[in-house]
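Listed below are the residues making up each chain.
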Amino acid sequence: AQKITQTQPGMFVQEKEAVTLDCTYDTSDQSYGLFWYKQPSSGEMIFLIYQGSYDEQNATEGRYSLNFQKARKSANLVISASQLGDSAMYFCAMREGDTGNQFYFGTGTSLTVIP
Amino acid sequence: KAGVTQTPRYLIKTRGQQVTLSCSPISGHRSVSWYQQTPGQGLQFLFEYFSETQRNKGNFPGRFSGRQFSNSRSEMNVSTLELGDSALYLCASSYGTISYNEQFFGPGTRLTVL
């Protein structure tokens with residue numbers, strides 16, 4: 001089974017609108033971390049936001065927030081007030097356990113912001 | 001604090017050759033991971049090193065190998081290059097390998113095999 005599933009290959013959003021990028025994960029560990037990365041056309045992966053499995057509140061970083069629903073095993077990224085510079089690939093990732101496990105990445109969602 | 005650096009940034013090789021890519025992690029980071037990214041296969045995990053020991057390995061043939069030095073710098077080597085090895089190779093460093101240790105990526109090395 002896939003560890004990370006991103007079901008939206010491509011998304012479009014109007015500038016200044018909010019958008020939600022979906023991510024579901026599969027793990028039997030109690031301790032895990034969830035991450036979102038942005039990859040512009042330049043290629044570099046940029047860390048956006050982190051959510052720990054024991055965190056009771058949803059993580060927020062500026063215009064980025066993570067909608068964490070533990071029972072549903074979902075960790076959706078919400079981008080508020082979209083900007084043209086938000087056009088990029090977005091990857092959801094997870095690292096399980098207390099130590100020594102690799103990162104698992106989803107297949108990514110391509111976001112295009114329309115002026 | 002300087003970010004993750006990768007050298008070279010671009011590389012062109014021919015089939016059958018071998019190549020070595022280098023990655024210098026963020027100062028203080030002891031974990032280095034390598035990924036291959038292609039349009040068709042997405043982001044594929046190659047291996048992860050922590051304190052000079054390979055901790056995890058992805059599903060790649062033995063032609064792909066790596067190592068980590070005592071200063072946490074890492075190299076990956078691909079021998080007997082094939083056309084399908086053309087890809088963006090990304091290196092990422094993290095402080096450790098615990099679930100809350102985020103990875104920070106370098107700019108990547110774009111390898112073209114002719």
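Residues numbered from 1 in each chain as written. Chains lettered and ligands numbered in written order. Predicted model: local features only at pLDDT ≥ 70, side-chain atom pairs only at ≥ 80, totals over all residues. Heavy atoms only, no water.

1. What to know about the sheet that holds strand S3 (residues 19-24) of chain B
Residue and element names in this part refer to chain B.
Reasoning step 1: The strand order across the open sheet formed by four strands is S1-S3-S8-S7, and the pairing between neighbours is antiparallel. Sheet topology places strand S1 (5-7) and strand S7 (64-68) at the edges, where each strand pairs with a single neighbour. For this sheet, the mean angle separating the axes of adjacent strands, direction not counted, is 20°.
Reasoning step 2: Bridge analysis of S3 against strand S8 (residues 74-78) gives five bridges, and the strand direction is antiparallel. In the sheet register, Val 19 faces S8, and the bridge partner there is Val 78. (Pairing = 2+ DSSP bridges. Helix = DSSP H or I, 4+ residues; strand = E, 2+ residues; numbered from the N terminus. Axes fitted to C-alpha atoms, helices over the stretch in contact; angles between N-to-C directions.)

2. Focus on the interface of chain B and chain A
Reasoning step 1: Contacts between the two partners involve 23 residues from chain B, matched on the other side by 22 residues from chain A.
Reasoning step 2: Taking both sides of the interface into account, the surface hidden between chain B and chain A amounts to around 1,700 Å²; carbon and sulfur atoms contribute 51%.
Reasoning step 3: Its largest share of buried area at the contact with chain A, chain B owes to B:Leu43, B:Ser99 and B:Phe105, together 30% of the area lost on that side.
Reasoning step 4: At the surface where chain B touches chain A, the tally comes to one salt bridge.
Reasoning step 5: Here A:Arg95 and B:Glu48 are joined by a salt bridge, their closest N and O atoms 3.2 Å apart.
Reasoning step 6: Counting every contact that joins chain B to chain A gives four residue pairs in polar contact (both at pLDDT 80 or more).
Reasoning step 7: Of all the secondary-structure elements, those providing two or more residues to the side of chain B that touches chain A are strand S4 (31-38), strand S5 (42-50), strand S6 (53-57), strand S9 (87-94) and strand S10 (104-105) of chain B.
Reasoning step 8: A class-by-class count of the residues in the side of chain B that touches chain A yields ten nonpolar, nine polar and four charged. (Contact = heavy atoms within 4.5 Å. Buried area = accessible area lost by both parts, 1.4 Å probe. Salt bridge = Lys/Arg side-chain N within 4 Å of Asp/Glu carboxyl O. Polar contact = N/O pair within 3.5 Å; in protein donor to acceptor, adjacent residues only side chain to side chain. Nonpolar A, V, L, I, M, F, W, Y, C, P; charged D, E, K, R; others polar.)

The analysis is restricted to geometry; functional conclusions fall outside its scope.
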